[in-house]
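Overview (structure and organization)
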Amino acid sequence: MTGWSNDPLKELARELRQTVGAEMRAEAEITEQETHIGRLRRLGLSDVARAAMHRGDLVSLVTATRTITGFPVFTGKDYLVCQTQTEIVDAPFDRILIRVEREPRGGHTARGGAITFKARLSELEQTGELVTIVTADAGIEIVGRLAVVATDHCIVEDPDGPRMHVPIGQICLVIRPRTDD
């Protein structure tokens with residue numbers, strides 16, 4: 001038996017590797033893919049934005065009239081803050097589309113901010129900053145200061161025009177110029 005040129009155990013092992021091993025690999029790949037899809041189903045937009053912020057990814061915030069691309073710097077329960085080279089943008093998740101582009105730059109943890117979009121608007125009311133509000137259905141942009149954040153709307157005062165009452169649910173983006181370098 002020692003003089004056999006083809007060892008039957010080696011042939012059996014080769015056959016098992018090629019057939020059963022391939023089947024096991026294919027089954028493991030399917031299981032891995034189904035697990036990944038299950039993880040994705042449990043994510044909310046705040047989870048997606050937070051992960052992009054932690055990785056340092058570039059995101060594009062897409063509305064009917066504008067697309068703004070920058071880096072997320074904070075995520076609340078229902079909105080995110082994105083920073084471009086010239087602007088800081090607050091955007092509620094239910095009014096934007098988010099495109100994430102992986103960037104090899106490294107991210108950061110949250111840098112503070114209000115928990116909800118309405119609370120963020122109230123902060124902007126207190127600071128009195130000049131903002132540009134991009135609306136959803138009206139398709140217009142309003143420039144002014146948030147005079148009052150009420151229960152379901154904001155009163156925006158335009159220094160050169162009348163007050164505008166804007167439903168909070170209509171606000172897609174709140175844009176402010178960056179003041180830092």
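All figures in this text were calculated on a predicted structure; none of them were measured in a lab. (Residues numbered from 1 in each chain as written. Predicted model: local features only at pLDDT ≥ 70, side-chain atom pairs only at ≥ 80, totals over all residues. Heavy atoms only, no water.)

In terms of helices and strands, the protein carries three helices and 10 strands. Its C-alpha atoms put the protein at 100 × 35 × 25 Å along the principal axes. Classification of the 181 residues of the protein by burial places 34% in the buried group. Long-range contacts, defined as pairs at least 24 residues apart, comprise 56% of the intrachain contacts of the protein with a sequence gap of at least 6. Carbon and sulfur atoms make up 53% of the accessible area of the protein, which totals about 11400 Å². (Helix = DSSP H or I, 4+ residues; strand = E, 2+ residues; numbered from the N terminus. Buried < 20%, exposed > 50% of the residue type's maximum accessible area, 1.4 Å probe, protein only. Contact = heavy atoms within 4.5 Å. Areas by Shrake-Rupley, 256 points an atom, 1.4 Å probe, with all protein chains shown as cover.)

This next bit is on helix α2 (residues 45-55). All of the buried residues along α2 are Ser46, Ala49, Ala52 and Met53. Viewed end-on, α2 has its buried residues packed into an arc of 130°, placing them on one side of the element. Looking at the buried residues of α2, the elements they touch are β1 (58-62), β2 (67-75), β3 (79-83) and β5 (97-101). Positioned one or two residues after α2, Gly56 has a phi angle of 85°, which is positive. (Arc of directions from axis to C-beta.)

Okay, the environment of Thr86 next. Residue position: Thr86 is located in the loop between β3 and β4 (87-92). Through-space distance from the C-alpha of Thr86 to that of Arg178 is 5.4 Å; in sequence the pair is 92 residues apart. Not counting the four nearest positions on each side in its chain, Thr86 is found in contact with Arg176, Pro177 and Arg178.

In this section: the nonpolar core. By size, the foremost hydrophobic cluster in this structure holds 20 residues, and its most contacted members are Phe117, Leu121, Ile133, Leu146, Cys154, Ile171 and Val174. Of all the secondary-structure elements, those providing two or more residues to this core are β2, β3, α3 (117-127), β6 (130-135), β7 (141-149), β8 (153-157) and β10 (171-177). Not counting the four nearest positions on each side in its chain, Leu121 is found in contact with Leu146, Val149, Cys154, Ile168, Ile171 and Val174. Membership of the second largest hydrophobic core comes to 16 residues, among which are Ala49, Ile68, Val134 and Cys172. (Core = buried A, V, L, I, M, F, W, Y, C linked by side-chain atoms within 4.5 Å.)

A word on the pattern of salt bridges. Counted according to the given criterion, the structure contains 10 salt bridges. Arg99 is the partner of Glu101 in a salt bridge, and the nearest nitrogen-oxygen pair spans 3.7 Å. Here Arg99 falls in the partly exposed class, since its relative accessible area comes to 44%. A salt bridge links Glu157 to Arg163, with the nearest nitrogen and oxygen atoms 2.8 Å apart. On the basis of relative accessible area, Glu157 is assigned to the partly exposed category, the value being 33%. When salt bridges with common partners are traced through the structure, they connect Asp90, Arg120, Glu123, Glu129 and Arg176 into a single cluster. (Salt bridge = Lys/Arg side-chain N within 4 Å of Asp/Glu carboxyl O.)

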